[in-house]
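# Descriptive structure summary
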Amino acid sequence: MIRWQMPILAALTLVVAGCPTNGPPSSNGDALSTDFEFTDLSGEFVLGAAPRRVTFRNGEARTVGVESLYHSGHNAWMISPGETGEILFETPTGELVFYVRDQTASVGGVVTLFDEDGQVLAVIASTNSDWTRVVVPGDVIGDPPVSRITFQNNGDSGFAALDDFRCCADIDDMVAPQPLADPIPGKINPSSVQLRLTTIAEGLVAPNWGVSPPGRPDRLAVTDQSGVLWMIVLASGGRSTFLDLSERLVSLGISGPGSFDERGLLGVAFAPDYAASGLLYTYSSEPLAGPADFSTIPPGEAANHQSVIREWRVPEPMEEDSTVDPNSAREVLRVDQPQFNHNGGGLNFGPDGRLYVSLGDGGRADDQGLGHGEIGNGQDASNILGTLLRIDPLGDNSANGRYGIPPDNPFVGDAGKLGEIFAFGFRNPFRFSFDSTSGDLWLADVGQNDIEEINLVVPGGNYCWNLKE
């Protein structure tokens, strides 16, 4: 039986295109503030401009996937075990508020405030049980201006965190940022449209996509993650093997109950002229087999696997018992994947006749780690991960000569960006499709902790991962 399992979603949001600016902290009127909603800004960075600059040193503005360590949003200024972060005020301030807490279960973090002569004004212990609000002037400290703050993590493990930092403004205005509003605030009324699920085939392992070949509305081609492309007769439910790629795949961790893997046979697309040409394309997860066309893996390291797009041909596509010629395989594109997850895997031809391919950010969490670069793959349009591609599989002007880059792609001729990219900023764009009437491109991007997205994709759009979920 073909079954689809839908995760429980904390929230669902619709994104058309464009991200909020997420970079170094900014100023707002007479107030300087930051909630650290940017990723991996480490070492030293500056808030504001002379003569009121505030310099952060020896910590890192980051996300670590522990929600309790963010007073708001999903980032904070983190201090590693045994390290001491420092905040320096170019002009001492008498108006200040921020929040601290500690992930360490034993000896906690310590915040020390100094005046411009280096005298200690206050010592505040953070806690792993709740956030401590530090206010100048206020309950924690009196009137003397603050020139320097140290934040020491005395623990053996875990982070000390500082969040929602604001200074040089009226205390009454210094309130913690509020959580984002529910993207679906109102009640969703029941639809008049009635849906019913009907079993059309049984005996599949992990079906993840189904599409009828052009000219064959009575058939449904279904990709089974374990490697078989089934052809199902809709009227009878009978199925047969149309193509078997199982021997080409990496070894998958889907052998028993509770196991899972995000690799495998993930996509198929039939050429618009399939009835005449017999051409189709697959997306599969395969062992390392030589240099990839695109890679983010540093020298001396190895990719987890490679995502491969292949072209196949069916000799007699309109015959009842036609199957794919296993000797017709032509490799179109090969991509190194840093980790086993976030592969994307969607393939579709658009109304324009171009082949669209969705690729995830390469895996792990937060778009960080081996193969993810300094800013993550999602926001780096110079590499192919975390993107939606638009290519001509029959062209030859690509670097490998096995596909074409359409000249009207949004980043063609844009230095530092790949011409193959149609849109970017995705985490794991597992599935997408085109509206059969309007031609609009709708893409589902799998979220990390809280938000699942349905994106209305436009050429050149940036869909914000990893700046926003």
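All values derive from a computational prediction rather than experimental measurement.

Quick notes on the rules
Residues numbered from 1 in each chain as written. Predicted model: local features only at pLDDT ≥ 70, side-chain atom pairs only at ≥ 80, totals over all residues. Heavy atoms only, no water. Helix = DSSP H or I, 4+ residues; strand = E, 2+ residues; numbered from the N terminus. Buried < 20%, exposed > 50% of the residue type's maximum accessible area, 1.4 Å probe, protein only. Pairing = 2+ DSSP bridges. Salt bridge = Lys/Arg side-chain N within 4 Å of Asp/Glu carboxyl O. Axes fitted to C-alpha atoms, helices over the stretch in contact; angles between N-to-C directions. Polar contact = N/O pair within 3.5 Å; in protein donor to acceptor, adjacent residues only side chain to side chain. Contact = heavy atoms within 4.5 Å.

In this structure, the amide linkage connecting Ala50 to the following residue, Pro51, adopts the cis form with an omega of 5°. Assignment of secondary structure puts Pro51 in the loop between strand S4 (41-47) and strand S5 (54-62). Cis peptide bonds are those with omega within 30 degrees of zero, and the linkage from Trp465 to Asn466 qualifies with 10°. For Asn466, the location among the structural elements is in the segment after strand S28 (451-457). Even without being a glycine, Asn58 presents a positive backbone phi close to 70°.

Quick look at the pairing of strand S21 (residues 330-337) now. Counting buried positions along S21 gives 6 out of 8 residues, so the element sits mostly inside the fold. Inspection of the sheet shows strand S20 (residues 305-313) paired to S21 by 7 bridges, in the antiparallel sense. When the bridges of S21 are listed, Ile309 appears paired with Leu333.

So, about the pattern of salt bridges. Evaluation of the coordinates by the stated rule reveals 19 salt bridges. Between Arg402 and Glu331 there is a salt bridge, and its shortest N-O distance comes to 3.8 Å. Here the residue Arg402 occupies a position in the loop between strand S24 (387-391) and strand S25 (421-424), and Glu331 occupies one in strand S21, the gap between them amounting to 71 residues. With a relative accessible area of 22%, Glu331 lands in the partly exposed category.

This part takes up the sheet that holds S20. The sheet built from 4 strands is open, its strands ordered S18-S19-S20-S21 with antiparallel pairing. Among the strands making up the open sheet, the edge pair consists of strand S18 (265-270) and S21. Taking each pair of neighbouring strands and ignoring which way they run, the sheet shows an average axis angle of 15°. Bridge count between strand S19 (residues 279-286) and S20: 8 bridges; the pairing is antiparallel. Among the inter-strand pairings, Leu279 is bridged to a residue of S20, identified as Arg313.

This brings us to the side chain of Ser398. Looking at the secondary structure, you find Ser398 in the loop between S24 and S25. At 2.8 Å, the side chain of Ser398 forms a polar contact with the side chain of Asn400.

Quick look at the side chain of Thr55 now. Inspection of the secondary structure assignment puts Thr55 in strand S5. Classification of Thr55 as buried rests on a relative accessible area of 14%. Contacts of Thr55, omitting those with residues within four sequence positions, involve Glu44, Phe45, Val46, Glu86, Ile87 and Leu88.

An order of S14-S15-S16-S17 is seen for the 4 strands of this open sheet, with the pairing classed as antiparallel. The strands lining the two open edges of the sheet, one partner per strand, are strand S14 (207-211) and strand S17 (239-244). Between one strand axis and the next, the sheet turns through 25° on average, direction left out of account.

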